[in-house]
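What follows is the residue order along each chain.
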Amino acid sequence: MLQKQAEELLLKEKVRGKTKAAQAIDKVLGTALLALVFYAGIFRLTKTRVVSLMLCILLTAMVVSVIRMVKRERNRRYLKDKLLQLEHKVRMEKLFFADQKTFWGILLPFLEQVDVKLDEKLKTALWKGERLPFHVLYVLPDEKVELRDLVSLHGKSGIVFVTGRCSEEIIAFLEKLRFRLVLDTTHPLLEASIPVKEEEIYRHVIEHAPKHTRARVKKSLLFSPAHTKRYILCGVYLLVSSMFMLYPMYYRISACVLFALAAGCFVGRRKEVL
């Protein structure tokens, strides 16, 4: 149950908050335009309405099926990549919000695996035969560490463990500050020592899902500014197609309707409340 709810929320985020009704309208309009193009092209070749209609239905069904298969596979890959990102974020949150006993209970075994031995006061560490100062930099469990998070390390050196994800730029900056060893939460040994269950990831998605507001609902309406580019591209496509098809007037009328919708989207853009 949690998995289904979480996947639905992630897919809603992918389509930018569009409602199911708006998605259904997009599918119907896209299928109708595709069928119209197929029918006009086949009728121009065969000059037979019945044959054109049958072939139009067959080709439209085949293309729609292929599109659905591709979309399903893309959604599967999207969910897989998104859940992997969220797994790392949940792991960082567990480490950041842990109490001192739990935190050091996770960190000490990890440090021993990377040949770093802390003293009893947790102030210095023995690494490669050298006694070096040991520091822990607590940062918010975001996707990556920013340069502004390193202010508290100014004037320090030795070994540092960061409760976040350090980029190559951050590591290079810490090396300029004379840190001999930089450890963060992306280390595979640390990831193995902080197990994350699938239920925890799904619960994180549900708890952090944005609430539905009127501003988000407006994006799914017919005259949403998010649809402007799509209306214009479809209108241009119909205008170009009318030069090569019989009965070009129908294509031009449909293009004018789409351009009118695009104009309505520009008005909606001005009235939209952010």
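Residues numbered from 1 in each chain as written. Predicted model: local features only at pLDDT ≥ 70, side-chain atom pairs only at ≥ 80, totals over all residues. Heavy atoms only, no water.

Draft legend 1. Expanded view of the overall build of the chain. Looking only at helices and strands, one finds ten helices and five strands in the chain. A total of 274 residues make up the chain; the buried ones form 31% of that total. Taking as baseline every contact in the chain between residues at least 6 positions apart, the subset at least 24 positions apart corresponds to 60%. Split by element, the accessible area of the chain, about 18300 Å² in all, is 62% carbon and sulfur. (Helix = DSSP H or I, 4+ residues; strand = E, 2+ residues; numbered from the N terminus. Buried < 20%, exposed > 50% of the residue type's maximum accessible area, 1.4 Å probe, protein only. Contact = heavy atoms within 4.5 Å. Areas by Shrake-Rupley, 256 points an atom, 1.4 Å probe, with all protein chains shown as cover.)

Draft legend 2. Representation of the sheet that holds strand 4 (residues 158-162) within the structure. A sheet is described by the order of its strands in space; here five strands give the open sequence 1-2-3-4-5, paired in mixed fashion. The open sheet terminates on both sides in strands that have one partner only, identified here as strand 1 (117-118) and strand 5 (179-183). In this sheet, strand 3 (residues 130-137) lies alongside strand 2 (residues 124-127) in antiparallel orientation, the contact comprising four bridges. Paired with T124 across the strands is P133, a residue of strand 3. (Pairing = 2+ DSSP bridges.)

Draft legend 3. Representation of helix 4 (residues 100-113) in the model. Compared with the 20 Å implied by 1.5 Å per residue over 14 residues, the 20 Å span of helix 4 between its first and last C-alpha is a close match. Within helix 4, the full set of buried residues consists of F103, W104, I106, L107, F110 and L111. Along the axis of helix 4, the buried residues cluster in a sector spanning 160°; they form a single face. In helix 4, those exposed residues whose orientation departs by more than 90 degrees from the buried face are K101 and E112. Residues of helix 4 that are buried sit in contact with helix 3 (49-96), strand 1, strand 3, strand 4, strand 5 and helix 6 (188-193). Positioned one or two residues after helix 4, D115 has a phi angle of 65°, which is positive. (Expected span 1.5 Å × (residues − 1). Arc of directions from axis to C-beta.)

Draft legend 4. Quick peek at a nonpolar patch on the surface. Taken together, V51, L55, L58, L59 and M62 make up a surface patch of nonpolar side chains, about 400 Å² in accessible area. Looking at where L58 falls in the secondary structure, it is placed in helix 3. Among the residues examined, L58 registers a relative accessible area of 48% and is labelled partly exposed. (Patch = residues over 30% accessible without salt bridge, like charges linked within 9 Å, V, L, I, M, F, W, Y side chains within 5 Å. Salt bridge = Lys/Arg side-chain N within 4 Å of Asp/Glu carboxyl O.)

Draft legend 5. Representation of the pairing of strand 4 in the model. Most of strand 4 sits out of view: five of its five residues are buried. Direction of pairing for strand 3 relative to strand 4: parallel, over a ladder of four bridges. Paired with H135 across the strands is V160, a residue of strand 4. With four bridges joining them, strand 4 and strand 5 adopt parallel strand pairing. Among the inter-strand pairings, G158 is bridged to a residue of strand 5, identified as F179. Handedness of the strand 4-helix 5 (residues 168-176)-strand 5 crossover: right-handed. (Right-handed = clockwise from strand over helix to strand, strands pointing away.)

Draft legend 6. Spotlight on the packing of aromatic side chains. Enumeration according to the criterion identifies seven aromatic pairs in this entry. Note on F96 and F97: the rings are 5.1 Å apart at their centroids and 90° apart in plane angle, and the pair reads as edge-to-face. (Phe/Tyr/Trp six-rings, centres within 6.5 Å; stacked < 30°, edge-to-face > 60°.)

Draft legend 7. Inspection of the pattern of salt bridges at higher detail. Enumeration according to the criterion identifies five salt bridges in this entry. Taking the shortest distance from any N to any O, the salt bridge between K94 and E200 comes out at 3.7 Å. Highlighted residues: K94 in helix 3 and E200 in helix 7 (residues 198-207), separated in sequence by 106 residues. Take K94: its relative accessible area is 33%, and that puts it in the partly exposed class. Residues participating in the shared-partner salt-bridge network are E73, R76 and R77.

Draft legend 8. Region of interest: a positive patch on the surface. Where like charges cluster on the molecular surface, the positive patch consists of K14, K27, R68, K71, R72 and R74. At four residues, helix 3 tops the list of elements feeding residues into the positive patch. Along the chain, R72 falls in helix 3. (Lys, Arg positive; Asp, Glu negative; His and termini not counted. Charge placed at Lys NZ, Arg CZ, Asp CG, Glu CD.)

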